[in-house]
Amino acid sequence: MKRTLLLALSLVVCANNAGAMDRKTLTIASEGASPPWNAITPQGELAGFDIDVGRDLCRRMKFECTFVPQDWDGIIPALTVGKFDAIMSGMAITEKRKKSIAFSKPYAGGFNQLVIRKDLDLPPTDTSAELDLTTIDPEKQAKIEELRAALNGRTLGVLRSSNSEAVLNELFGKVATIRSYDSQDNMHLDLVAERIDGGLADYFTWKAFLDSTDGGIATLYGPRLSGGLWGPGVGVGLRQDDGELVAAFDSAIEAATSDGTLKRLSEQWFKIDVSPQTSN
């Protein structure tokens, strides 16, 4: 009986492994609200850097991929219950998220930055300076204190459930009012309507807004922020028990990095190179 049971279990394991090996299709989710990482076109289709990279990786892995929109707030829970197979949505690889899901190697880097309304009388800052929050030394702490003094009493917006939300609360939660939004677009609307004084988000997402007609009321403020809670870069989010798929994405990302595809796509969408070989 024991031998029969072991044989049955072995057949189940083999069948499951074969099913994983035979998989030819993937469904990939993206928020569709953070251009140029991802956006929804007037035709209702997903487009952006994440989508183009995803298509390239799927071609290398020989998968037929479908891209679907998913609100940011529920994107990780939806992955874990099997609503789709992967997330490609400018998602930073962080230790907190790794408790719930797995990640591929980074396929891009980047940084975040504050934006404020131009009509505010705030001290000038060097917006081209960089501030890595991985470790905080006295010099970095002094820069943070300067920002805290400048933003004291202000109302700042941020995308809900994002790492930027955690950073904003950590850095300025004691001196400013933090207002969280379900989408970047809604934060932009409140900024234009002067319901908030500024906000924190991915630089490239801000850039798309600042270059628009409505974005003329705002400007970058403070240094380029990276590291810390934002982790080593942006990766593909996957289920923790899907190790085979993680390995497949890793191999495809390595190939796309080596042949310059990620560099080309990042320069196409961001106008600068944020590929792993230069940003990590």
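Counting starts from 1 at the beginning of each chain's written sequence and moves along it residue by residue. Selection of residues for local features in this predicted model requires a pLDDT of at least 70, selection of side-chain atom pairs for listing and counting requires 80 or more, and totals for whole chains, interfaces and linings are taken over all residues. Only hydrogens and water are removed before side-chain values are computed, so all heavy atoms of the structure are retained for them.

- An unreviewed UniProt entry annotates the protein as ABC transporter substrate-binding protein of Rhizobium sophoriradicis.
- UniProt positions are given in the numbering used here, feature names are shortened, and annotations may be inferred rather than shown by experiment. One UniProt comment on the protein, placed under Subcellular location (unreviewed entry), says "Periplasm".

1. Here's the deal with the layout of surface pockets
Now for step 1: Taken as a whole, the largest pocket encloses approximately 600 Å³ of empty space.
Now for step 2: Secondary structure follows DSSP: runs of H or I at least 4 residues long count as helices, runs of E at least 2 residues long count as strands, and numbering of each begins at the N terminus. When residues of the lining of the largest pocket are traced back to their parent elements, those giving at least two are helix H5 (163–172), strand E12 (198–202), helix H7 (203–210), strand E13 (218–226) and helix H10 (276–279).
Now for step 3: Per-element tally for the lining of the largest pocket: the top contributor is E12, with three residues.
Now for step 4: In this document the domain limits rely on a domain assignment from an automatic tool or a database. Summarising the domain contributions, the lining of the largest pocket has at least three residues from each of domain 1 (25–108 + 232–268) and domain 2 (110–228).
Now for step 5: Taken as a whole, the second largest pocket spans an internal volume of roughly 420 Å³.
Now for step 6: Around the second largest pocket sit 22 residues that line it, and Thr94, Lys96, Arg97, Ser161 and Asn163 are the ones nearest its centre.
Now for step 7: Breaking the lining of the second largest pocket down by element, the ones donating at least two residues are helix H3 (75–80) and H5.
Now for step 8: Taken together, the residues of the lining of the second largest pocket break down into nine nonpolar, seven polar and six charged. Buried and open spaces are told apart on a 1 Å grid over the protein atoms alone, a cavity being a set of points where a 1.4 Å probe fits but cannot get out and a pocket being an open set with protein on both sides within 12 Å along at least five of seven lines. Residues with an atom within 4 Å of a point are the lining residues. Grid points are joined across faces, edges and corners, and a volume is the space filled by probe spheres set on the points. Residue polarity follows a fixed list, in which Ala, Val, Leu, Ile, Met, Phe, Trp, Tyr, Cys and Pro are nonpolar, Asp, Glu, Lys and Arg are charged, and the others, Gly among them, are polar.

2. Regarding the pattern of salt bridges
Now for step 1: Salt bridge, as used here, is a side-chain nitrogen of Lys or Arg placed within 4 Å of a carboxyl oxygen of Asp or Glu. Across all of its chains, the model carries 14 salt bridges by this definition.
Now for step 2: Its salt-bridge partner being Asp73, residue Arg160 comes within 3.1 Å of it at the nearest N-O pair. Residue Arg160 is located in the loop between strand E10 (155–159) and H5, and its partner Asp73 is located in the loop between strand E5 (64–69) and H3; the two are separated by 87 residues in the primary sequence.
Now for step 3: Partly exposed residues are those whose accessible area sits between 20% and 50% of the maximum for their type, while under 20% is buried and over 50% is exposed, using a 1.4 Å probe and protein chains only. In this structure Arg160 comes out as partly exposed when scored by relative accessible area, which is 32%.

3. With respect to H5
Now for step 1: By the criterion of burial, H5 is predominantly enclosed, with seven of the ten residues buried.
Now for step 2: Turning to H5, the residues buried within the fold contact strand E8 (112–117), helix H4 (138–151), E10, strand E11 (177–181) and E12. Two residues form a contact once any of their heavy atoms are found within 4.5 Å.

4. Here we look at the sheet that holds strand E3 (residues 38–40)
Working definition: the strands of a sheet are paired by backbone hydrogen bonds and lie parallel or antiparallel to each other.
Now for step 1: Pairing is antiparallel across the open sheet formed by three strands, whose spatial order is E2-E3-E4. What marks the edges here is a single partner per strand, and that holds for strand E2 (33–34) and strand E4 (46–47).
Now for step 2: Strand direction decides the pairing type here: E2 and E3, joined by two bridges, are antiparallel. Counterpart to Ser34 in the pairing with E3 is Asn38. For two strands to be treated as a pair, DSSP must find no fewer than two bridges joining them.

5. Notes on the packing of helix H2 (residues 49–61) against helix H8 (residues 243–258)
In a pair of packed helices, the angle between the axes and the distance between the axes together describe the arrangement.
Now for step 1: Think of each axis as a best-fit line through the C-alpha atoms, taken over the contacting stretch in the case of a helix, with angles from 0 to 180 degrees between the N-to-C directions. Where H2 meets H8, the closest approach of the two axes is 9 Å, and the angle between their N-to-C directions is 110°. Considering their axes alone, H2 and H8 lie roughly perpendicular with respect to each other. Crossing angle aside, the handedness with which H2 passes H8 is right-handed. Only Ala248, Phe249, Ala252, Ile253, Ala255 and Ala256 of H8 make contact with H2, whose side of the interface consists of Asp56, Leu57, Arg60 and Met61.
Now for step 2: Residue classes in the contact of H2 with H8 are distributed as eight nonpolar, no polar and two charged. Roughly parallel means an angle under 35 degrees; roughly antiparallel means over 145; roughly perpendicular covers 65 to 115; every other angle is labelled oblique. Take the far helix as your reference; a near helix turned counterclockwise from it by less than a right angle gives a left-handed crossing, and one turned clockwise gives a right-handed crossing.

6. Description of the sheet that holds E11
Now for step 1: Read across the open sheet, the six strands follow the order E9-E13-E8-E12-E10-E11; overall the sheet is mixed. The sheet is open, and its two edges are formed by strand E9 (130–132) and E11, each paired on a single side. Averaged over all pairs of adjacent strands, the angle between strand axes in this sheet comes to 30°, irrespective of strand direction.
Now for step 2: Alignment of E8 against E12, held across five bridges, turns out to be antiparallel. Residue Asn112 lies in a different strand from E12, and its bridge partner there is Asp202.

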